[in-house]
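Take a look at the letters that make up each chain.
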Number of protein chains: 4
Amino acid sequence: MVNVGIIGAGRIGQVHMNSILTRVPNAKIKAVADPFLSEEADKKAKAAGAEYTTKDYKDILADKDIDAVIICSSTDTHSPISIEAIKAGKHVFCEKPIDHDVDKIKEVIKTLEGTGLKYQVGFNRRFDHNFEAAQRAVVNGKIGAPHIIKITSRDPEPPSAEYVKVSGGMFLDMTIHDFDMVRFLAGCDAEEVYVQAANLVDPEIGKAGDVDTAIITLKMENGALAVIDNSRQAVYGYDQRAEVFGSKGMVAIKNDSDSTAVISNEDGVTGEKPQFFFLERYMDAYGKEMVQFIDAIENDTETPLGVEDGLKPVLMGLAAKKSVEEGRPVKISEIEF
Amino acid sequence: MVNVGIIGAGRIGQVHMNSILTRVPNAKIKAVADPFLSEEADKKAKAAGAEYTTKDYKDILADKDIDAVIICSSTDTHSPISIEAIKAGKHVFCEKPIDHDVDKIKEVIKTLEGTGLKYQVGFNRRFDHNFEAAQRAVVNGKIGAPHIIKITSRDPEPPSAEYVKVSGGMFLDMTIHDFDMVRFLAGCDAEEVYVQAANLVDPEIGKAGDVDTAIITLKMENGALAVIDNSRQAVYGYDQRAEVFGSKGMVAIKNDSDSTAVISNEDGVTGEKPQFFFLERYMDAYGKEMVQFIDAIENDTETPLGVEDGLKPVLMGLAAKKSVEEGRPVKISEIEF
Amino acid sequence: MVNVGIIGAGRIGQVHMNSILTRVPNAKIKAVADPFLSEEADKKAKAAGAEYTTKDYKDILADKDIDAVIICSSTDTHSPISIEAIKAGKHVFCEKPIDHDVDKIKEVIKTLEGTGLKYQVGFNRRFDHNFEAAQRAVVNGKIGAPHIIKITSRDPEPPSAEYVKVSGGMFLDMTIHDFDMVRFLAGCDAEEVYVQAANLVDPEIGKAGDVDTAIITLKMENGALAVIDNSRQAVYGYDQRAEVFGSKGMVAIKNDSDSTAVISNEDGVTGEKPQFFFLERYMDAYGKEMVQFIDAIENDTETPLGVEDGLKPVLMGLAAKKSVEEGRPVKISEIEF
Amino acid sequence: MVNVGIIGAGRIGQVHMNSILTRVPNAKIKAVADPFLSEEADKKAKAAGAEYTTKDYKDILADKDIDAVIICSSTDTHSPISIEAIKAGKHVFCEKPIDHDVDKIKEVIKTLEGTGLKYQVGFNRRFDHNFEAAQRAVVNGKIGAPHIIKITSRDPEPPSAEYVKVSGGMFLDMTIHDFDMVRFLAGCDAEEVYVQAANLVDPEIGKAGDVDTAIITLKMENGALAVIDNSRQAVYGYDQRAEVFGSKGMVAIKNDSDSTAVISNEDGVTGEKPQFFFLERYMDAYGKEMVQFIDAIENDTETPLGVEDGLKPVLMGLAAKKSVEEGRPVKISEIEF
């Protein structure tokens, strides 16, 4: 039985609480910390079996009975709390991104070295049934050598301009998941990134200095090409598709809907829209990543996504930003130096 | 080169003219007969290369240069003209049904015996790309032994009550195609028919003594079960699907649409309706059946659908009518005696 | 908070335990009874928070703190334990079928009358996302007046001949779910049933006196026609589809698969098979039916499926059996008298 | 009636002959010219009603009775014959590309100016039922303002290295159709092109100095972004899909197959591959473009695709080549000046 402390009890914190309660029998939520703990979150924490809640995450780090922490506090705290937690001897599950600053992620990496502690970063989509199936097809050789990887990733609704200002920009906030997915499906890292981007959805996003529509082309280390298309607003729902095309075939994944019902009438043949909300679409994936994190601790095995997997998509995101600024393809090596 | 005379220059007659002109290089339309030849049909006949048109089909039967006739006159004339044509030494392509009267079809069979002439009946759906693919899957053993054959056949719009009165009823007019399809997909004849039918679409059809909605269950000679569902009105278009389920799998065919375009918006994910009109859906099949008829003449081979194939669906239709009248399953042997 | 006792801790009993634990926060499992309680089930019961387990369900009925029982013991005990439980003042959730004997179900109905206790029968498919969406389309008038209801229901693997002998036969064991679904989608009861059935899957099933393949035609009270096709073995998985066709359109539901992944290669364009196992396909539905049962108790509202809903499909099943025996359509009124 | 001369009687020339014969009643093939006229082509020409065949296309240009020419000779002759034909007072249908040299296309434009003659370039895909439906959805406002246009265009089999050498390279030979399609779907011209390309399919193509796999990103004049992905080899068939995503929704088109048949068995749920060959997929489109060319002559209206529409994709192709050579985004204005 792994004792867990949850740091950050917002939306995602509560998702993880619920996952552990209902799907991870070998873990127990011992404590929940949040400086602005809502009454609802407090109630959920207690219902989930937490022995105590606290405003100060340091209480959790100091708790000798706690084996692992789940960091779902605000993005700017991810890397410092990761470092403190590792120093306190805790295994860490950290929401993405670890940091927008490469040096800070590297500090986490250095701190972790030699400790034997487990570290997992929360790229939940790798645990989604569709993306898993696509990757399995690639790994099993069903499509031969990958030549072209395509990701469509469109949000149902744009964020507020307020949020955009603090988010690190679309590439570090939203596309970062797609960068991880490209690595997952290609089975290797990117070498070069070129972005053609625009502000087509909401002028406020442009005023906040960001883009909301982009085509991102990548050259992968294995020679494959990849392309991501992003929009901050797909009126028909959360659009999350992928395709890997290779020497022996192609695997493609579609969206999930609430049902398979199709109505045929005078207007056409109409099926349901894609599920609208990322929590709805990826709820099962959130559960599965937590199962694997706890299992890695119990069995002393590798986590499925280490801290390096948290670094790489940030490098890709920074290269994407630079590509937009300079209007040219940018090598990952230009970012990493 | 096969010289052809067309008897009946209505809608279907003109379809066959066009097929021969554009798709059957080894046939030539020599003459067209129709007692009420429209100006349009006359023009089409001439454009299709007909040397003459006539009001009297007997002119065609008397024409020594004509090898084959295509009978697309009114249903009640199919069997008598067939008989006359055979006696005149012509190969015959006859639209379905040959007759509603079993004895008259048997007379055609008797007349044909020993003549060496070719006879083909116009069950065009056998030549449709979808139904062909389903049957090929069955014949090639892709689904093992057939256990359940399902046909959905729904017209886009109900016929007029006027038409219903002279049509022989839904089973002989509309379902007759589905009876042929059941035989085609099962690879054998039916033994027993049970119908549950209703008048749900148009009360005028009920007043004309017919039904417009039916579920028809059949027991096939090879032990398989079959079911046809019919409606005289599917508001979304001409609904023509089938499924064969067997010991090793299932083959299913869907409708054709004008394009594969799918629009996703706030209302859902909407594709095109099935093609609305039987001529649109089966135009290619009409061409293919004509190619095969002419080829059978040229190569002296069996036509793909002989006169017996014209008889069997009529027996099934008569059994269906009796089943509705008597509210019980009816054996084909009760009809054929 | 509703205190629940579970009677029968086999496969389905354990599903309900898990549903209550993870999805029904306003219910608590107080005790679990099973004459042959397995070690695994005992462990699960304890993990689910049960205060005690027992071999004798009467312990549960005698427990004053228990408000409701969930009966998932063997079929022959459903009606007697229902009656005892009602007499002991417990709300009852009973797995299907309540009984194969109409009189015994009627006794349950009589016992329940006037008690104010809740009774729910476990036709879980009504809570499946696909079937729910189809029924919602019908209720919301999306397809107009229903004319034809079609259910495809095929099991992935045939039961053993041993099981067949005690199952009550295919119609009471397997088709009973489809009979419920026809009522659900048509929004009314059946008047008449005709079955064409065969033994095509496994000769042992025939020797055990049962059929394994069937086409079942029903006439519904609202004039609609319905048809169910059943097979005990679909090699490609658990085939659970439905279609309601009406005056203004059609709603159709397809199977669920483990992912949307489609592989295109030299062999074709291949998607995943339907989910293979009923627990996998309907796990979510099992959870939802339990939520609604507990909610009905807490809010003193009607359960979504009363004891009458348990009776009607049994009548349909008995009519189906009689139809096979006598080779004719059978009215429900012949069974019910 | 428009009298037509066909210049070039290879594969495409014969397609146009057949289209005119079977689908364009208001055109007549008067003559066919080909320096290496095959016996088969000669026979077809005669069967199509040609009064004469000749080795010298100048005979056709000199023929006073011929109103229009269809140029389907080798690519290097397109622009010179276009110019001669215009000077001879003939309407011109010219296969794509008009030329690889921008200046030569501009000469055609200049020659055409003020003549009142019709000129149509053969981007047949605009007449394909799927692409037409996608464009109609855009034009009719079904998806709002276009934000992202995506084209997937993959050939079933790579060309020989021999062919590659004389083809002008993938962008001018294959992608040129996709460049036209981007213009058609976006409703405007491209401003900038960036290409990430590779040689992944066949090393011989690389040795011949060409690429066989590419991701091409375009910035359109209306602000929309576009992306084309190309491969010279899709083992599953000719992959021709598109998607237009906009402020109010998305329209997507899929491939065509020979039938809708889907087989479900132990291996999965398998539908047919996309049609393999471009003639099969676009045969209907070839017919429709010819109908529109002849109609434009008869009715003295604009052809659907003028000589400017032949120029623009060449500019895009040249920009694409430059982008690969220089590893940077290239503006169309850099090519055109």
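What you see is a predicted model; the values in this text were computed from it and never measured. (Residues numbered from 1 in each chain as written. Chains lettered and ligands numbered in written order. Predicted model: local features only at pLDDT ≥ 70, side-chain atom pairs only at ≥ 80, totals over all residues. Heavy atoms only, no water.)

Focus on the relation of the copies chain C and chain B
Once turned by 180° and shifted 0.0 Å along the axis, chain C lies on chain B with an RMSD of 0.0 Å. What we have between these two chains is a two-fold relation. Within chain C, R328(C) has its C-alpha nearest the rotation axis, a separation of 2.9 Å. Here 100% of the interface residues in chain C have copies in chain B that are interface residues too; the copies meet face to matching face. (Least-squares fit on C-alpha atoms with pLDDT ≥ 70 in both. Contact = heavy atoms within 4.5 Å.)

Focus on the sheet that holds strand β1 (residues 2–7) of chain C
Residue and element names in this part refer to chain C. If you trace the six strands from one edge of the open sheet to the other, you get β3-β2-β1-β4-β5-β6, paired in parallel fashion. Each having just a single partner strand, β3 (52–54) and β6 (119–121) make up the two edges of the open sheet. The average undirected angle you get between the axes of adjacent strands in this sheet is 20°. For β1 and strand β2 (residues 27–33), the ladder comprises six bridges, and the chain directions are parallel. (Pairing = 2+ DSSP bridges. Helix = DSSP H or I, 4+ residues; strand = E, 2+ residues; numbered from the N terminus. Axes fitted to C-alpha atoms, helices over the stretch in contact; angles between N-to-C directions.)

Notes on the interface of chain C and chain B
Counting residues at the interface gives 40 residues for chain C and 40 residues for chain B. Interface area, chain C with chain B, both sides summed: about 3,000 Å², of which 67% is carbon and sulfur. At the junction of chain C and chain B, the tally comes to six salt bridges. For R154(C), the salt bridge is made with E243(B), and the minimal N-O distance between the two is 2.8 Å. Our enumeration of links across chain C and chain B arrives at 13 residue pairs in polar contact (both at pLDDT 80 or more). (Buried area = accessible area lost by both parts, 1.4 Å probe. Salt bridge = Lys/Arg side-chain N within 4 Å of Asp/Glu carboxyl O. Polar contact = N/O pair within 3.5 Å; in protein donor to acceptor, adjacent residues only side chain to side chain.)

Some remarks on the domain arrangement of chain A
Residue and element names in this part refer to chain A. Entries for chain A in the domain assignment read domain 1 (2–117) and domain 2 (126–275 + 313–336). Using only C-alpha atoms to locate each centre, domain 1 and domain 2 end up separated by 28 Å. On the domain 2 side, the residues contacting the seven residues of domain 1 number 10 residues. On the domain 1 side of the contact with domain 2, K96, H100 and V102 bury the most area, a combined 72% of that side's loss. When grouped by side-chain class, the residues that make up the side of domain 1 that touches domain 2 number three nonpolar, one polar and three charged. (Domains from an automatic or database assignment. Nonpolar A, V, L, I, M, F, W, Y, C, P; charged D, E, K, R; others polar.)

Overview of helix α6 (residues 129–139) of chain B
Buried within α6(B) are the following residues: N130(B), F131(B), A133(B), A134(B), A137(B) and V138(B). Buried residues in α6(B), looked at end-on, bunch into an arc of 160°, giving them a common side. If you follow the buried residues of α6(B), they end up packed against β7 (146–154), α9 (175–186), β11 (239–246), β12 (249–253) and α11 (278–299) of chain B together with β13 (262–265) of chain D. Among the residues of α6(B), the N-terminal cap falls to D128(B), whose side-chain oxygen and the backbone nitrogen of N130(B) are separated by 3.0 Å. Looking one or two residues past α6(B), G141(B) carries a phi angle of roughly 75°, positive in sign. (Buried < 20%, exposed > 50% of the residue type's maximum accessible area, 1.4 Å probe, protein only. Arc of directions from axis to C-beta.)

Describing the interface of chain B and chain A
Listed as interface residues are 13 residues of chain B and, on the opposing side, 13 residues of chain A. It is E266(B), V269(B) and K273(B) that lose the most area in chain B upon contact with chain A, and together they represent 40% of the buried surface on that side. If you look at where chain B meets chain A, you find zero salt bridges. Across the chain B-chain A interface, the total number found is five residue pairs in polar contact (both at pLDDT 80 or more). Counting only elements with at least two residues in the side of chain B that touches chain A, the list comes to β13 (262–265) and β14 (268–271) of chain B. A total of four residues in the side of chain B that touches chain A trace back to one element, the largest contributor, which is β14(B).

Describing the UniProt feature "domain: Gfo/Idh/MocA-like oxidoreductase N-terminal" (unreviewed entry) in chain A
In the numbering adopted here, UniProt assigns the feature "domain: Gfo/Idh/MocA-like oxidoreductase N-terminal" (unreviewed entry) to residues 2–123 of chain A. The span residues 2–123 of chain A carries 40% helix and 22% strand; its end-to-end C-alpha distance comes to 21 Å. (UniProt positions renumbered as here; feature names shortened; annotations may be inferred.)

Details of unusual backbone geometry
A cis geometry characterises the amide bond from K96(A) onward to P97(A), with omega recorded as -15°. Relative to the elements of secondary structure, P97(A) occurs in the loop between β5 (91–94) and α5 (102–112). Positive phi outside glycine occurs at D300(B), with the angle close to 50°. With respect to the element layout, D300(B) can be found in the loop between α11 and α12 (307–326).

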